[in-house]
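# Fold and geometry: a report
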Amino acid sequence: PRIRHLPQAVVVSNARQHLPCHRLPTPLGSDPVELTIEPVKYLPEKCCTSIYRLRSGAQSATLYGKTYSDDRGRSIYRRIERFHRTGLFKLPEPLAYSEPIQTLWTRAIDGWPLAEVIDRSNCGGHGRKAGAALAALHDMDPGDLDNVSVQQLLADFTKKIRKLGRAHPACEPELAAL
């Protein structure tokens, strides 16, 4: 596996030392009594997103950690930090980027996905807000976005087609035609 450091991020006994405790309120920031970790999305060889639930006495916090196979989380952290500071969108608060385990930490946000709350009675108001936020996003300087060329995309696609062909030889002719 390309994410060799993943056990450091998703095993409770290992992950404690990497939590962004300095950004959490006391007593959670000192030493949370309870910590549970739930991986929620895993893209093999690319990244793993997990929910971290911390509890100490009456206080609790929910964090998300996205562990990458490489260091791209560092630039994503800076980008989210910049967008979060604008206050134009409701974004999770970026807490830290942990180099040793290549994990981006964010605080969970309350609320529901737009697709779950929008209906005929409220689509105008929600639509205007979403449209204004999207327009503001398009006006912002993306900063250090990685530019990916068509040749890079094609090379990546070709590599994936070959991998699928090795895994499913019967499908190789159809895959090659793509």
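Below: a short report on this structure. (Residues numbered from 1 in each chain as written. Predicted model: local features only at pLDDT ≥ 70, side-chain atom pairs only at ≥ 80, totals over all residues. Heavy atoms only, no water.)

A few words on the pairing of strand β2 (residues 47-56). Within β2, eight of the ten residues are buried, leaving the element largely enclosed by the surrounding structure. In this structure, strand β1 (residues 34-43) lies alongside β2, joined through nine bridges in antiparallel fashion. Looking at β2, one finds that I37 is bridged to Y52. Where β1 folds back onto β2 in an antiparallel hairpin, the turn is made up of three residues, including E45, whose phi is positive at roughly 65°. Here β2 runs beside strand β3 (residues 59-68); their pairing, made up of ten bridges, is antiparallel. Considered in β3, the bridge of S56 is made with Q59. (Buried < 20%, exposed > 50% of the residue type's maximum accessible area, 1.4 Å probe, protein only. Helix = DSSP H or I, 4+ residues; strand = E, 2+ residues; numbered from the N terminus. Pairing = 2+ DSSP bridges.)

As a further point, take the pattern of salt bridges. For the structure shown, the criterion picks out eight salt bridges. Salt-bridge contacts for D71 lead to R74; the nearest nitrogen and oxygen are separated by 3.2 Å. Between R74 and E99 there is a salt bridge whose closest N-O contact spans 2.7 Å. With R74 in helix α3 (residues 72-86) and E99 in the loop between β4 (94-98) and β5 (103-107), this pair connects stretches of sequence that are 25 residues apart. A residue is classified by how much of its surface remains accessible, and E99, at 40% relative accessible area, is partly exposed. Where salt bridges share partners, they join R23, E93 and R107 into one cluster. (Salt bridge = Lys/Arg side-chain N within 4 Å of Asp/Glu carboxyl O.)

A positive phi angle, near 65°, is found at E45, a position not held by glycine. Even without being a glycine, Q102 presents a positive backbone phi close to 45°. We classify Q102 as buried; its relative accessible area is 17%.

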